[in-house]
Amino acid sequence: LLPPGVCNLLNPAAIYANNEISLGDVEIYGFDYDYTLAQYSNLLHSMIFNTARDILIEQFKYPEGLGKYDYIPGFAIRGLHYDVQKSLLMKIDAFHYVQLGTAYRGLKPVPDEEVIELYGGTQHIPLYQMSDFYGKGPSLKQFMDIFSLPEMTLLSSVIDYFITHGIEFDQVHLYKDISDAIRDVHVKGVMYKWIEKDMERYILHGDEIYAVLNRLVNHKKKLFLITNSPFSFVDKGMKHMVGKNWRDLFDMVIVQADKPNFFTDRRKPFRKLDDKGSLQWDKINQLEKGKIYKEGNLFDFLRLTGWRGSKVLYFGDHLYSDLADLMLRHGWRTGAIVPELETEIRIINTEQYMHSLTWQQALTGLLERMQMYQDAESKQVLLEWMKERQEIRSLTKNLFNPQFGSIFRTFHNPTYFSRRLVRFSDIYMASISCLLNYDVNFTFYPRRTPLQHEAPLWMDQLCTGCMKTPFLEEMVHIR
């Protein structure tokens, strides 16, 4: 069933384009820090979960029985929505439909019939309830941060405890308490201490980050960093990954920026920090290389640097607070860091996935063409095909995550997360280190995927992002 000559193996280290972009036109590279320059191991999620759980018990006086719950790696995926009033964690597609089989209350799935009944006889979530520009709606919250994986698991664990023990709870207070407990782990600096104490254990790809930054500087590119993390934490992490002179690579370093407000609010002026991280009081009239700045706003940043438009490319992991404003309001180029991409592509490359998907598509085509036959025997065959198609869809979903499937797709539609990824990023990749596979003047061309009313052009879809690309022989020396 596969067309001859199609190269099926995708490259987990490739960069994928939503929009045509030439790196030759980019003069200035900007970076977020957490989960962009610094990639963290999954051990961190267990620590965040355990600490926030203990805060709930000790400070918020939640039942001590919660202490028996441990972090469940792989329970949740990024991009899920949580309906606060209904205590439902679920995956929603780009058209605002809940994917049936992916709605959970606590740690248990909610039957499809109950989900449909809860939303007035439909799987559709109306626009006014959905997330706003930053993923927060009146009753639905979208979890877009990689740090939100332990938060979703804690939320589900606490609800599971209350339901199992028949304890009545207020949904709004529960959600706020867990959000506050997770926030405390970050705000009070507990997480920073763990990472600083054992960087080898928590930080990944350090040597490759140095290679990326050094290569860009050698090609006369300007670099800047805008992060919400404090200077002492960033300084220690960058020294670990890049070396003690890491600041020499950057033209601008801005910490505790308070994104996304940094991109939209003009009120906070920049403040300078000395080399020890202490605040200076003087008024900032220019942003100097080698200096550290705190807070500030993008409008002053643009005025003082003159860095505007498509000559700037900024990388971040959070689609809303890192990328959305920069692309839509300011015309910068944007690159999304999606660590999950590597695992998902490895699954897509498996024989089991390719066979399942190919047969699923074949069954769908048969159902579409043969539905005109309405005699009893034909109807029976159609029902059997529909059942088989549903079984294969469930099997394919489970290859990615048994509860929620892929972060990029519902059964066939893009997820809400996926649609935002396309909307807010020119390119996306698993890690900043993927840049090492491309020449600094490389042009990314998005694949021309056919619209529904267009014929598929198979040659147009061959080998883009496959194993043969981008590892061009002449670029091997870059690594």
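Please read these numbers as outputs of a predicted model, since none were measured by experiment. (Residues numbered from 1 in each chain as written. Predicted model: local features only at pLDDT ≥ 70, side-chain atom pairs only at ≥ 80, totals over all residues. Heavy atoms only, no water.)

1. Considering the overall build of the chain
Going by this rule: Numbering of helices and strands runs from the N terminus; a helix is a DSSP stretch of H or I covering at least four residues, while a strand is a stretch of E covering at least two. Every radius of gyration here is taken over C-alpha atoms, with the globule rule written as 2.2 Å times N^0.38, N being the number of residues. Three labels apply to residues, based on accessible area from a 1.4 Å probe with only protein chains included: buried if under 20% of the type maximum, exposed if over 50%, partly exposed otherwise in between. Two residues form a contact once any of their heavy atoms are found within 4.5 Å. The Shrake-Rupley method, run with a 1.4 Å probe sphere, supplies the accessible areas, and residue values consider only the shown protein chains as cover. Under this rule, positive means Lys or Arg and negative means Asp or Glu; His and the chain ends count for nothing. Where a charge lies is defined by one atom per residue type, namely NZ (Lys), CZ (Arg), CG (Asp) and CD (Glu).
Helix and strand counts for the chain stand at 15 helices and 18 strands. Relative to a compact globule of 479 residues, whose C-alpha radius of gyration would be 23 Å, the chain shows 24 Å and is just as compact. On the principal axes, the C-alpha backbone points of the chain span a range of 85 × 60 × 40 Å. Counting across all 479 residues of the chain, residues that qualify as buried make up 52%. The contacts in the chain between residues at least 6 apart in sequence include a share of 74% that link residues at least 24 apart. Accessible area for the chain stands at about 23000 Å²; split by element, carbon and sulfur atoms hold 52% of it. When the 55 positive and 59 negative side-chain charges of the chain are each reduced to one mean point, those points stand 6 Å apart.

2. Focus: the packing of helix 5 (residues 190-197) against helix 8 (residues 231-241)
What counts is decided by this rule: Every angle, taken between N-to-C directions, lies between 0 and 180 degrees, and every axis is a line fitted to C-alpha atoms, over only the stretch in contact when it is a helix. Angle categories: roughly parallel below 35 degrees, roughly antiparallel above 145, roughly perpendicular from 65 to 115, and oblique for all the rest. Rotating anticlockwise by less than a right angle from the far helix to the near helix defines a left-handed crossing, while the corresponding clockwise rotation defines a right-handed one. Only Asp, Glu, Lys and Arg are considered charged in this grouping, and only Ala, Val, Leu, Ile, Met, Phe, Trp, Tyr, Cys and Pro are considered nonpolar; every other residue, Gly among them, is considered polar.
Following both chains from N to C, one finds helix 5 and helix 8 inclined at 20°, their axes separated by 10 Å at the closest point. The orientation of helix 5 relative to helix 8 falls into the category roughly parallel. Helix 8 is crossed by helix 5, and the crossing has left-handed handedness. Contacts between helix 5 and helix 8 involve Tyr192, Ile195 and Glu196 on the former and, on the latter, Ser232, Phe233 and Lys236. Classifying every residue of the contact of helix 5 with helix 8 gives three nonpolar, one polar and two charged.

3. Observations regarding the environment of Ser431
Just so we agree on the cut-off: Pairs of N or O atoms within 3.5 Å make up the polar contacts considered here, provided that, within protein, one atom can donate a hydrogen while the other can accept it, and that residues adjacent in sequence are counted only when both atoms are side-chain atoms.
On the secondary structure map, Ser431 appears in the loop between strand 17 (427-429) and strand 18 (443-444). Note: C-alpha distance between Ser431 and Leu367 (64 residues apart in sequence) is 40 Å. Dropping the residues within four chain positions of it, Ser431 is found in contact with Gln39, His205 and Ile337. Within polar-contact distance, the side chain of Ser431 engages the side chain of Ser433 at 2.8 Å.

4. Things to note about a nonpolar patch on the surface
This is how the line gets drawn: Patches draw on residues past 30% relative accessible area with no salt bridge. Two like charges within 9 Å are joined, as are two nonpolar side chains (Val, Leu, Ile, Met, Phe, Trp, Tyr) within 5 Å. Only one rule defines a salt bridge in this text: a Lys or Arg side-chain nitrogen within 4 Å of an Asp or Glu carboxyl oxygen.
Side chains of Met370, Met372 and Tyr373 sit close together on the surface and give an oily, nonpolar patch of about 310 Å² of accessible area. As for its placement among the helices and strands, Met372 is situated in the loop between helix 13 (351-370) and helix 14 (376-400).

5. Focus: the UniProt feature "binding site: GMP" (unreviewed entry) in the chain
Our working definition: UniProt positions are given in the numbering used here, feature names are shortened, and annotations may be inferred rather than shown by experiment.
As annotated by UniProt and renumbered to match this structure, "binding site: GMP" (unreviewed entry) occupies Asp34. Mapping Asp34 onto the fold places it in the loop between strand 3 (28-31) and strand 4 (39-40). Once residues within four sequence positions are removed from consideration, Asp34 is found in contact with Tyr40, Phe147, Thr227, Ser229, Phe233 and Asp317.

6. Some remarks on the nonpolar core
Filter applied, for reference: Put simply, a nonpolar core is a bunch of buried Ala, Val, Leu, Ile, Met, Phe, Trp, Tyr and Cys residues held in one set by side-chain atoms that sit within 4.5 Å of each other.
Within the largest apolar cluster, 137 residues are counted, with the highest numbers of intra-cluster contacts made by Phe31, Tyr33, Phe250 and Phe301. The contact partners of Tyr33, leaving out residues within four places of it in the chain, are Ala38, Tyr40, Ile203, Leu225, Thr227, Phe233, Val234, Gly237, Met238 and Met241.

7. Re the sheet that holds strand 17
Our working rule: Strands are treated as partners if at least two bridges between them are detected by DSSP.
Across the sheet, nine strands lie side by side as 1-17-16-15-3-11-12-14-13; this open sheet has mixed pairing. Each of the sheet's edge strands pairs with one partner strand only, and the pair in question is strand 1 (16-17) and strand 13 (270-273). The sheet contact formed by strand 13 and strand 14 (residues 292-295) spans four bridges and is antiparallel. Bridging from a neighbouring strand, Leu273 pairs with Ile292 of strand 14.

8. Re the packing of aromatic side chains
The test is simple: Any Phe, Tyr or Trp ring, taking Trp's six-membered ring, that has another such ring centre within 6.5 Å forms a pair; planes under 30 degrees apart are called stacked, those over 60 apart edge-to-face, and the others tilted.
One pass over the structure, following the stated rule, counts 35 aromatic pairs. Between Tyr438 and Phe444, the aromatic rings sit 4.9 Å apart at their centres with planes inclined by 55°, giving tilted as the arrangement. Owing to a relative accessible area of 3%, Tyr438 belongs among the buried residues under this scheme. Judged by relative accessible area, Phe444 falls into the buried class, the value being 4%.

9. Observations regarding the side chain of Lys259
Assignment of secondary structure puts Lys259 in the loop between strand 12 (252-255) and helix 9 (261-264). A polar side-chain atom of Lys259 sits 2.9 Å from a polar atom in the side chain of Asp32. Among the polar contacts made by the side chain of Lys259, one reaches the side chain of Asp322 at a distance of 2.8 Å. Contacts of Lys259, omitting those with residues within four sequence positions, involve Asp32, Ile226, Thr227, Asn228, Tyr314, Ser321 and Asp322.

10. Some details on the pattern of salt bridges
Inspection of the entire model under this criterion finds 24 salt bridges. The salt bridge partner of Asp184 is Lys188, with a shortest N-O separation of 3.8 Å. With relative accessibility at 51%, the residue Lys188 sits in the exposed group. Between Arg346 and Glu342 there is a salt bridge whose closest N-O contact spans 3.2 Å. Note that Arg346 and Glu342 are positioned in helix 12 (residues 340-348) at a spacing of four residues, about one turn of the helix. Here Glu342 falls in the partly exposed class, since its relative accessible area comes to 33%.

11. Describing the UniProt feature "binding site: Mg(2+)" (unreviewed entry) in the chain
This chain's UniProt record puts "binding site: Mg(2+)" (unreviewed entry) on Asp32 and Asp317. A maximum C-alpha distance of 7.7 Å among these annotated residues, which run over 286 residues, shows that they cluster at one spot. Along the chain, Asp32 falls in the loop between strand 3 and strand 4. Accessibility expressed as a relative area gives 6% for Asp32, which makes it buried. Excluding anything up to four places from it in sequence, Asp32 contacts Leu37, Leu225, Ile226, Thr227, Lys259, Tyr314, Phe315, Gly316, Asp317 and Asp322. Within the fold, Asp317 resides in the loop between strand 15 (312-316) and helix 11 (319-328). Sequence-distant contacts of Asp317, that is, excluding residues within four places in its chain, are made with Asp32, Asp34, Tyr35, Thr36, Arg78, Asp145, Ile146, Asp322 and Ile337.

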